[in-house]
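# Breakdown of the fold
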Amino acid sequence: MNNVLRILILVLALSYCSAVSADVLHTEKSLYRNIEVYEEDELRCLRFGRYNGTRQSCINLSNPDNLEFNYTRMMMGALYLNPNPQRALILGLGGGSLPSALRKLYPNLQIDVVEIDAAVIRVAKQYFGFTTSTLTRATESDGRVFVKRAINLTTRYDLIMLDAFDQEYIPEHMLTREFLNEVRGLLTEQGVLAANTFSSSRLYNYESITYQTVFGDFYNLKDANRVILIRRNGPPDMLEIKRNAEGLAAKLKPFGVSSNWLIPKFSREKDWPANTRALTDQYSPANLLNTQ
Amino acid sequence: MAGWSGFFVMAIELLSGRILAPSFGNSIYVWGGVISIFMLALSIGYLIGGHLSVHTPTLGKLGVILIAASLTSLPVVFFSDVLIDLVFNHVSDPRYGSLLASSTLFFIPTVISGCISPYAIRLLVTQLHASGQSAGKLYFISTFGSAAGTIGTSFYLVLLFEVNQIFSGLILISLSLGGIALLLNTTHE
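Nothing here was measured: the structure is a model prediction, and the numbers come from that model. (Residues numbered from 1 in each chain as written. Chains lettered and ligands numbered in written order. Predicted model: local features only at pLDDT ≥ 70, side-chain atom pairs only at ≥ 80, totals over all residues.)

### Observations regarding the overall build of chain A
The test is simple: Going along the chain from the N terminus, every DSSP run of H or I of four or more residues is numbered as a helix, and every run of E of two or more is numbered as a strand. Our exposure labels follow a C-beta count within 10 Å of each residue's own C-beta, placed from the backbone: buried means 20 or more other C-beta atoms, exposed means 12 or fewer, and partly exposed covers the counts in between. C-beta atoms are first placed from the backbone for all residues, and any pair lying within 7 Å is then listed as a contact.
The helix and strand tally for chain A stands at 11 helices and 11 strands. Once the C-alpha set of chain A is aligned to its principal axes, its extents read approximately 70 × 45 × 40 Å. Of all 292 residues assigned to chain A, the portion counted as buried reaches 45%. In chain A, of all internal contacts separated by at least 6 residues, the share reaching a separation of at least 24 is 72%.

### As for the overall build of chain B
A count of helical and extended segments in chain B gives 7 helices and 0 strands. Secondary structure elements in chain B, listed N-terminal to C-terminal, are α-α-α-α-α-α-α. Dimensions of chain B, computed from the C-alpha atoms along their principal axes, are close to 55 × 30 × 30 Å. The contacts in chain B between residues at least 6 apart in sequence include a share of 86% that link residues at least 24 apart.

### Considerations on the interface of chain B and chain A
Let me state the cut-off plainly: Polar here means any residue outside two lists: the nonpolar Ala, Val, Leu, Ile, Met, Phe, Trp, Tyr, Cys and Pro, and the charged Asp, Glu, Lys and Arg; Gly therefore counts as polar.
Listed as interface residues are 15 residues of chain B and, on the opposing side, 14 residues of chain A. Of all the secondary-structure elements, those providing two or more residues to the side of chain B that touches chain A are helix H1 (2-24), helix H6 (131-160) and helix H7 (163-188) of chain B. Per-element tally for the side of chain B that touches chain A: the top contributor is H1(B), with 4 residues. Across the side of chain B that touches chain A, the residue classes break down as 9 nonpolar, 5 polar and 1 charged.

### Section: unusual backbone geometry
Positioned with a positive phi, A:Asp41 is a non-glycine residue whose angle comes to about 50°. The backbone of B:Thr56 shows a phi angle near 25°, a positive value even though the residue is not glycine. Tracing the chain through its elements places B:Thr56 in the loop between helix H2 (28-52) and helix H3 (59-71). Judged by C-beta crowding, with 6 C-beta atoms within 10 Å, B:Thr56 ranks as exposed.

### Focus: H3(B)
Our working definition: Here, expected helix span is obtained from the residue count minus one, scaled by 1.5 Å.
Between the first and last C-alpha of H3(B) there are 19 Å, a value that for 13 residues agrees with the 18 Å anticipated at 1.5 Å per step. Three or more residues of H3(B) are buried, namely B:Leu62, B:Gly63, B:Ile65, B:Leu66, B:Ile67, B:Ala69 and B:Ser70.

### Overview of the sheet that holds strand E9 (residues 187-197) of chain A
All names here are of chain A. Formally: Pairing between strands is defined by DSSP: at least two bridges between the two strands are required. Between the N-to-C directions of two axes lies an angle of 0 to 180 degrees, each axis being a line fitted to C-alpha atoms and, for a helix, fitted only over the stretch in contact.
Spatially, E7-E6-E5-E8-E9-E11-E10 is the arrangement adopted by the 7 strands of the open sheet, whose pairing is mixed. The open sheet is flanked by strand E7 (136-140) and strand E10 (219-222), the only strands paired with a single partner. Along the sheet, successive strands turn relative to each other by an average axial angle of 15°, direction set aside. Bridging between strand E5 (residues 87-91) and strand E6 (residues 110-115) involves 5 bridges; their strand directions are parallel. Bridged to Leu 91 within E6 is Val 114. Sheet strands touched by helix H7 (residues 177-186): E5, strand E8 (157-162) and E9. Its angle to E9, the strand with the most contacts, is close to 140°.

### Some remarks on the environment of A:Leu91
Within the secondary structure, A:Leu91 sits in strand E5. A C-alpha to C-alpha distance of 21 Å links A:Leu91 and A:Ala224, two positions 133 residues apart in sequence.

### Brief notes about the sheet that holds strand E4 (residues 55-60) of chain A
Residues and elements named next belong to chain A. Read from one edge to the other, the open sheet built from 4 strands follows the order E1-E2-E3-E4, with strand pairing classed as antiparallel. Two strands close off the open sheet at either side, each with one partner strand: strand E1 (23-29) and E4. Each strand axis lies, on average, 15° off the axis of its neighbour in the sheet, ignoring direction. Here strand E3 (residues 43-48) pairs with E4 via 5 bridges, running antiparallel. Among the inter-strand pairings, Arg 44 is bridged to a residue of E4, identified as Ile 59. In the packing of helix H5 (residues 118-127) onto the sheet, contacts are made with E1, strand E2 (34-40) and E3, and the angle to E2 comes to roughly 20°.

### Focus on the packing of H2(B) against helix H5 (residues 94-124) of chain B
Residues and elements named next belong to chain B. Counted only if it meets this: Here the word oblique covers every angle except those under 35 degrees (roughly parallel), over 145 (roughly antiparallel) and from 65 to 115 (roughly perpendicular). In this scheme the handedness of a crossing depends on how the near helix is turned from the far one: anticlockwise by less than a right angle means left-handed, clockwise means right-handed.
The N-to-C vectors of H2 and H5 enclose an angle of 30°; their axes lie 6 Å apart at closest approach. When the interaxial angle is binned, H2 and H5 end up roughly parallel. For H2 against H5, the interelement crossing comes out right-handed. Across the contact of H2 with H5, the residue classes tally to 21 nonpolar, 11 polar and 1 charged.

### Observations regarding the pairing of strand E11 (residues 226-231) of chain A
Residue and element names in this part refer to chain A. Burial of E11 is extensive: 5 of the 6 residues sit out of reach of the surface. One ladder, built from 6 bridges, connects E9 with E11; its direction is antiparallel. Pairing of Ala 194 across the sheet is with Leu 229, part of E11. Bridge analysis of E10 against E11 gives 4 bridges, and the strand direction is antiparallel. Within E11, the position partnered with Leu 221 by the bridge is Val 227. The loop that links E10 with its antiparallel partner E11 comprises 3 residues.

### Here we look at the nonpolar core
Under the convention used in this document: Think of a nonpolar core as buried Ala, Val, Leu, Ile, Met, Phe, Trp, Tyr and Cys residues, each tied to the set through C-beta atoms within 7 Å.
Membership of the largest hydrophobic core comes to 134 residues, with the highest contact counts inside it found for A:Ala78, A:Ile160, A:Met161 and A:Leu229. Among the elements that make up this core, the one with the highest residue count is H1(B) (14 residues). With near-sequence residues (within four places) excluded, A:Ala78 lies in contact with A:Leu159, A:Met161, A:Val192, A:Ala194 and A:Leu229.

### What about the environment of A:Asp271?
Residues and elements named next belong to chain A. With respect to the helices, strands and loops of the structure, Asp 271 is situated in the loop between helix H10 (259-262) and helix H11 (286-290). Taking the C-beta count within 10 Å as the criterion, Asp 271 has 10 such neighbours and is therefore assigned exposed. With 51 residues separating them in the primary sequence, Asp 271 and Asn 220 have C-alpha atoms 9.9 Å apart.

So, in structure tokens, the structure goes:
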């Protein structure tokens, strides 16, 4: 009995400790997930699931422009492939770091953001400074459905950012040859696709070959995450990338993106076996492959 | 056969999500639409199956029902792309789009599958006092089959095969089981 009491007190004390170290501002059960906004030191973060959930997005309260995550900086590497986008599509909102940064970088850029969870759009606006206007439109929709509808319109994008995955869950219908072909159809000739993917598992090879089948050669940037950078009419050489990086250096500095850090990550090495099976609408067990 | 039918229905229900996702997404309402259609179809199937069982039920006729359910699933393999594109282009709301697409593709085979359990109960029941026991056994077998179909498809089959390969396999097994039932029936007579 005494032991049980001791354990209970210990558990209570521990949960109290973890509760005070992070200051929870908002929790919500949405249709798709548990959403939590919390502050820790200088950072305000968005997390799906509680305590053990992965951070989706963070802003630094004393330096809100700074892109806190390495992967978001790597995504901005897309601008090295096409430094003057007119129209951008972002699939997956999170805290809105990417659209907010693009908004500030390019005042005239037309940005379409697609997010499946209306609650995430609300939370991004309320806690992370994401704003919508005629130039920044947020649509509540499944990403694939939006892309398929957009093909039937005349809308084409010269920058598409795919940021709908996290470590725990991949929307499998958004990692297939057919989906990537639809995305390709939405890109202008010089259009660039930046995809944030998480695979370091067995899925890595499957994902690589699927992108390669649809787009041919691409730049592969690795950190904790993997970011794939593709230009529709083929990857520019490193000379052009460095030139664009120099031109953008001053503009990107406030966002914490430095070419000294980013450029060495650019790789075109195909480090996956060429005989891997591509993922298709018929065969897409991405989440099962990601656990192996 | 009731166990297999349970397996068949749940495997198809799971795969229907896969078939609809490219056009209607994976949103919660797509699953809501799919599950509603399957439940509605099964409920109607139970009613029809019970009604059919009144007129001289035989194992052979049960086999015919199983064969009919598998044959009416064939359009899913051959025409689902065309049909889903058609619905996608005419219905902009993904809720009603997925509802319409899943009813056209899956409603009829699921109604027919629903006929199997009540019909099989009639064949099993020999004495009134044991009818509850027979029904209990049948519910056990068919729902156990459903559980097996759900876990087998979602955990293993999708990792090994393409969606259409799984569909074809399911249809072939149904056809064989229906054929066996027909054969057994004629040898008995």
